[in-house]
Amino acid sequence: MSHDSTAAPEAAARKLSGRRRKEIVAVLLFSGGPIFESSIPLSVFGIDRQDAGVPRYRLLVCGGEEGPLRTTGGLELTTPHGLEAISRAGTVVVPAWRSITSPPPEEALDAIRRAHEEGARIVGLCTGAFVLAAAGLLDGRPATTHWMYAPTLAKRYPSVHVDPRELFVDDGDVLTSAGTAAGIDLCLHIVRTDHGNEAAGALARRLVVPPRRSGGQERYLDRSLPEEIGADPLAEVVAWALEHLHEQFDVETLAARAYMSRRTFDRRFRSLTGSAPLQWLITQRVLQAQRLLETSDYSVDEVAGRCGFRSPVALRGHFRRQLGSSPAAYRAAYRARRPQGDKQVDGDGAPGQSGGPGSLGPAGLPPALHPDGPVPMQTRRTAASALSAAASASASSAENGREAYATSRAASLPGQRSAP
């Protein structure tokens, strides 16, 4: 599944500056980047396949820093172009970044910002999303990255609305993908957007990959606990909360389960995640409602009850504040945009009719959380991922160096869909 923006009219209306050309794709490489991710846009946009009906792009391979650039296995690469070549590109792709904890070179960030200002489409594959975030291009936008790094992205850049469920996110002029092979999905989506389904299908056949994958990253999630909070007692409490979202409980209940006073619990929770526990809990209930609206035919009133809201009015208020849409409008938009081949999943994890109790898995959770059928509830890594990802929902401003690039838009979209 992809997250495809329909709420970015400004992005859709952007024009390329005179020196930029739509068919020119610049791929920005850095030392230490993995060779697989780096090779994806080179293969998709750099090989002439016009004999197969794939329109030709013009590829510019650019070094984001002084070379030679080292990559997987100790290989050294020399790029034919430097940062100056980005000024001609209609699309700039950052396939990877070497470290999720270190900042990219400022010269490269300036070049990316300038390209965006001049109307270029900016693409981050896998950890390349960290470069786009550092440039300020993801502020206020939905984005994704490799599921393993999604909590870190959300914590380091709290104004980015990180969705670790998606294979890729298209927000108009800024696009991001999940890890490794999901870069192929996003590159095919770009070809499909530029030249249609037939061209994308022809390219997929040449690459020997499906033209469009269904589902998201959830089936690949490691369900153990990430190292940074693996031993923290709050992870157990969060795991319990995620398993019982269908029940009504408050932050005091969570504090009691952690054997802490409310004040201590609030302080510890915030220091660990950057988010207040009440805001985190509301966000998780809204996400649960979002999944139920996507995967079942329960009424809005029933969804409210199954997500622990005290009333449908409470659900509608929180849902609109976080997603910019009413629950009913969100469901209608989601279903209108879902490919016809997609089917609801019944309680046994098999394709079937939606709606009714059969549409839910264990503990009232939608089977979309468990693509391969019923499995145990979220374990401690899911709890930790939710802890870190919650930070993006509570912050409202970016660092000074990125504030100028904060984009005014709703926190999310009135619908998710697979790419058209």
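Relevant structure appears above.
Residues numbered from 1 in each chain as written. Predicted model: local features only at pLDDT ≥ 70, side-chain atom pairs only at ≥ 80, totals over all residues. Heavy atoms only, no water.

### Observations concerning the overall build of the protein chain
Here comes step 1: Along the backbone of the protein chain there are 17 helices and 11 strands.
Here comes step 2: The long-range fraction of contacts in the protein chain, counting pairs at least 24 apart against all pairs at least 6 apart in sequence, stands at 72%. (Helix = DSSP H or I, 4+ residues; strand = E, 2+ residues; numbered from the N terminus. Contact = heavy atoms within 4.5 Å.)

### Some remarks on the pattern of salt bridges
Here comes step 1: Evaluated as defined, the whole model comprises 16 salt bridges.
Here comes step 2: When the shortest N-O distance is used, the salt bridge between aspartate 185 and arginine 213 registers 2.4 Å. A residue pair is termed long-range when its members are at least 10 positions apart, and aspartate 185 in helix α6 (residues 182-195) and arginine 213 in the loop between α7 (197-207) and α8 (233-243) qualify at 28 residues. (Salt bridge = Lys/Arg side-chain N within 4 Å of Asp/Glu carboxyl O.)

### Some thoughts on the packing of aromatic side chains
For any pair of aromatic rings, geometry is given as the distance between the ring centres together with the angle between the planes.
Here comes step 1: Going through the model one piece at a time under the given rule, you end up with 6 aromatic pairs.
Here comes step 2: Here the aromatic rings of phenylalanine 45 and tyrosine 57 are separated by 4.9 Å at their centres, their planes lie at 80°, and the arrangement is edge-to-face. A residue pair is termed long-range when its members are at least 10 positions apart, and phenylalanine 45 in helix α2 (residues 35-46) and tyrosine 57 in the loop between α2 and β3 (58-63) qualify at 12 residues. The exposure classification of phenylalanine 45 matches that of tyrosine 57, with both residues buried. (Phe/Tyr/Trp six-rings, centres within 6.5 Å; stacked < 30°, edge-to-face > 60°. Buried < 20%, exposed > 50% of the residue type's maximum accessible area, 1.4 Å probe, protein only.)

### Brief notes about the pairing of strand β6 (residues 89-94)
Here comes step 1: Most of β6 sits out of view: 6 of its 6 residues are buried.
Here comes step 2: Pairing between strand β2 (residues 21-29) and β6: 4 bridges, direction parallel. Paired with valine 27 across the bridge in β6 is valine 93.
Here comes step 3: In terms of strand pairing, β6 meets strand β7 (residues 121-124) through 4 bridges, oriented parallel. Residue pairing across strands places valine 93 opposite valine 123, the latter belonging to β7.
Here comes step 4: A crossover connection joins β6 to the parallel β7 through helix α3 (residues 106-117); in handedness this β-α-β unit is right-handed. (Pairing = 2+ DSSP bridges. Right-handed = clockwise from strand over helix to strand, strands pointing away.)

### Regarding α6
Here comes step 1: Under the 1.5 Å per step criterion, the end-to-end length of α6 is 20 Å for 14 residues, consistent within 8% with the ideal 20 Å.
Here comes step 2: With respect to burial, α6 is a largely interior element, 12 of its 14 residues being buried.
Here comes step 3: Listed in full, the buried residues belonging to α6 are Ala182, Gly183, Ile184, Asp185, Leu186, Cys187, Leu188, His189, Ile190, Val191, Arg192 and Asp194.
Here comes step 4: Among the residues trailing α6, glycine 196 stands out with phi positive, at a value near 100°. (Expected span 1.5 Å × (residues − 1).)

### Observations regarding the side chain of serine 177
Here comes step 1: With respect to the helices and strands, the residue serine 177 is situated in strand β11 (residues 174-177).
Here comes step 2: Polar contacts involving the side chain of serine 177 include one to the main-chain amide nitrogen of cysteine 126, which spans 3.3 Å.
Here comes step 3: In this structure, serine 177 is in contact with Gly124, Leu125, Cys126, Thr144, Thr145, His146, Leu167, Phe168, Ala182, Gly183 and Leu186, ignoring residues within four places of it in sequence. (Polar contact = N/O pair within 3.5 Å; in protein donor to acceptor, adjacent residues only side chain to side chain.)

### Some words on unusual backbone geometry
Excluding glycine, residues mostly have negative phi values, and the peptide bonds linking residues are mostly trans.
Here comes step 1: In this structure, proline 68 follows glycine 67 across a cis peptide bond, with omega equal to 0°.
Here comes step 2: Here proline 68 shows up in the loop between β3 and β4 (69-70).
Here comes step 3: Its identity as a non-glycine residue notwithstanding, valine 208 has a phi of 60°, on the positive side.
Here comes step 4: Take valine 208: it is sitting in the loop between α7 and α8.
Here comes step 5: Taking relative accessible area as the criterion, valine 208 reaches 72% and is therefore assigned exposed.

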